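# Residue-level structural notes
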Amino acid sequence: MNLWKLVLKEAWQGRWRLVSSIVAVVLATGLIVAIQSLNFSSRQAMHVYMKNLGANMIVIPAELDLFAYFSADPELPSSANIPESHFFRLFEARIEGIEGIDSRLIVPLQIGESRIILTGVLPDRMLRPEVKQIGEQDPWKVLTLLAPDSDGAVLGAELKGILNKEVGSTMRVSGREIKVVGILPQQGTIDDLRVYIHLRFLQRWFERPFSLNEIRILYTGNEILDRVASGIEGMLENTRVVTHRRMAKKQIQTMDSISSYALMLLAVILALG
């Protein structure tokens, strides 16, 4: 009797054990693949959620008073700048976990009794929520109407009523006529009080070439946020990094919990197998 006949005879005699073993292996393998897929899809969903929440670190000039900054004080000193080269240095550093960087120039102004926030942005590089629903409109798409060589502006939703302006109308801001080319849908945030203008146009308007006063960062890595912020401050001289600690900590903890749960299930399945 050769080896193959011996194997086949042994398999036939223990056929039910063989069938049950094969079924157990198939089920265990399927569960492992399913759990790994669930872990991956959960992390992807959490990643999209974190991106939609926006930046969790903001780089500002070291000398800038935080109260004046967060209250959008019109007396915000125009000398408080970050050189635009800082943005490129941060971009080229390729820090693991940084998903996006958004450079801005903020100029708070008072128009009559209304306070507005002129915000210079690069529309194609902005951190903004991702549109995932089929047929859902991107509310930020209107910012693509801004051009570096035009005086067009996009108003936040609240300013439409406060300033009584519509698309196509003009408004005088700091001695200059600018044209309303779009109105941003209601966001329920400070963005509803912003006047968005192309960064290059705003830099030329206020004679602040290659200057920023805000760099927004979305960090989704596993490092402690304050440690990453300290590293960025060491890299970019004369800056301070404001972090949204609680939000980022909760995000990272949620992603770690998903991974730990998946690993625990995998260990149980392997032990049972």
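One structure accompanies this document, and this report is about it. (Residues numbered from 1 in each chain as written. Predicted model: local features only at pLDDT ≥ 70, side-chain atom pairs only at ≥ 80, totals over all residues. Heavy atoms only, no water.)

So, on to the overall build of the chain. The number of helices and strands found in the chain is eight helices and eleven strands. A total of 273 residues make up the chain; the buried ones form 39% of that total. When the accessible surface of the chain is summed, it comes to about 15900 Å², and 58% of that surface belongs to carbon and sulfur atoms. (Helix = DSSP H or I, 4+ residues; strand = E, 2+ residues; numbered from the N terminus. Buried < 20%, exposed > 50% of the residue type's maximum accessible area, 1.4 Å probe, protein only. Areas by Shrake-Rupley, 256 points an atom, 1.4 Å probe, with all protein chains shown as cover.)

Evaluated as defined, the whole model comprises seven salt bridges. We note a salt bridge from Arg 200 to Glu 84, for which the minimum N-O separation is 2.8 Å. Of the two residues, Arg 200 is situated in helix H6 (residues 199–205) and Glu 84 in helix H4 (residues 84–93); the sequence distance between them amounts to 116 residues. The partly exposed category is assigned to Arg 200, whose relative accessible area is 26%. Residue classification places Glu 84 among the buried positions, given a relative accessible area of 3%. (Salt bridge = Lys/Arg side-chain N within 4 Å of Asp/Glu carboxyl O.)

What follows concerns the side chain of Thr 239. Its place among the elements puts Thr 239 in strand S11 (residues 239–243). A residue is classified by how much of its surface remains accessible, and Thr 239, at 9% relative accessible area, is buried. Separated by 2.6 Å, the side chain of Thr 239 and the backbone oxygen of Leu 236 make a polar contact. Residues in contact with Thr 239, not counting those within four places in the same chain, are Val 59, Ile 60, Pro 61, Ala 62, Ile 82, His 86 and Glu 233. (Polar contact = N/O pair within 3.5 Å; in protein donor to acceptor, adjacent residues only side chain to side chain. Contact = heavy atoms within 4.5 Å.)

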